[in-house]
Amino acid sequence: VPALIAAALLILTVYRADLLLRILRDGTLDAGDRREAICTQLLYMLRDAAMVPPLLLLAVTLYRLPKVCIALKSKLCRPLASEAEMEPASLSLTLPRPSGRLGFRVRASKSPNLSGVSAMRLHLVGERFWQSVAEYKGETVAAVGRALFPLALRDGREVSFASVEHG
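Residues numbered from 1 in each chain as written. Predicted model: local features only at pLDDT ≥ 70, side-chain atom pairs only at ≥ 80, totals over all residues. Heavy atoms only, no water.

Moving on: the environment of Trp130. Within the fold, Trp130 resides in helix 5 (residues 127–137). Expressed as a C-alpha distance, the spacing of Trp130 and Arg146, which sit 16 residues apart in the sequence, is 7.6 Å. In this view, Trp130 contacts Leu124, Ala142, Gly145, Arg146 and Phe149; residues no more than four positions away in its chain are not counted. (Helix = DSSP H or I, 4+ residues; strand = E, 2+ residues; numbered from the N terminus. Contact = heavy atoms within 4.5 Å.)

Next comes the structure, spelled out in structure tokens:
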């Protein structure tokens, strides 16, 4: 009777029913071997059921892992160590038709003694700006955008250092 109840439970769960039915249909097994097969399949099902909570924990953790990493990177980036050399007046995004590459157009005022520019980084540090991005585009988009900054600007690629010095 216990083997019959265990077999019914296995068949009702459907999870290991096909394996159990294949074993039970085998004509070469006697009653003891069938009971042993039912018990073995029941133990396998209980083992598999015990692994569901850790598997769910792993799935939830992996689901949230990218968001946590991006948030950590954006929060741990180095802040400006000194005053900015240029004060931005406007920032616009450009998307030219032929190449389709996204670009920035920055207009800024600079100090008159700025010379010898060899590297530039673009920072977006306004907390209200990132809050509005999160509000309109979502927390993940804001976290990814924040993680991309500071943006290193290379001479001849994103900016012309010569035009910054003399313009």
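Core analysis: the biggest nonpolar cluster contains 10 residues, these being Val117, Met120, Leu122, Trp130, Val133, Ala134, Ala142, Phe149, Leu153 and Val159. Put simply, the parts of the chain that give this core at least two residues each are strand 3 (120–122) and helix 5. Broken down by element, the residue count for this core peaks at three residues, all from helix 5. Core analysis: the second largest hydrophobic core is formed by eight residues, Ala3, Ala6, Leu10 and Ile38 among them. (Core = buried A, V, L, I, M, F, W, Y, C linked by side-chain atoms within 4.5 Å. Buried < 20%, exposed > 50% of the residue type's maximum accessible area, 1.4 Å probe, protein only.)

Checked against the element boundaries, Gln41 lands in helix 3 (residues 31–50). What makes Gln41 buried here is its relative accessible area of 8%. At a separation of 3.1 Å, a polar atom in the side chain of Gln41 contacts the side chain of Arg16. The contact partners of Gln41, leaving out residues within four places of it in the chain, are Leu10, Arg16, Leu19, Leu20 and Ile23. (Polar contact = N/O pair within 3.5 Å; in protein donor to acceptor, adjacent residues only side chain to side chain.)

This is a description of form; function is not addressed.
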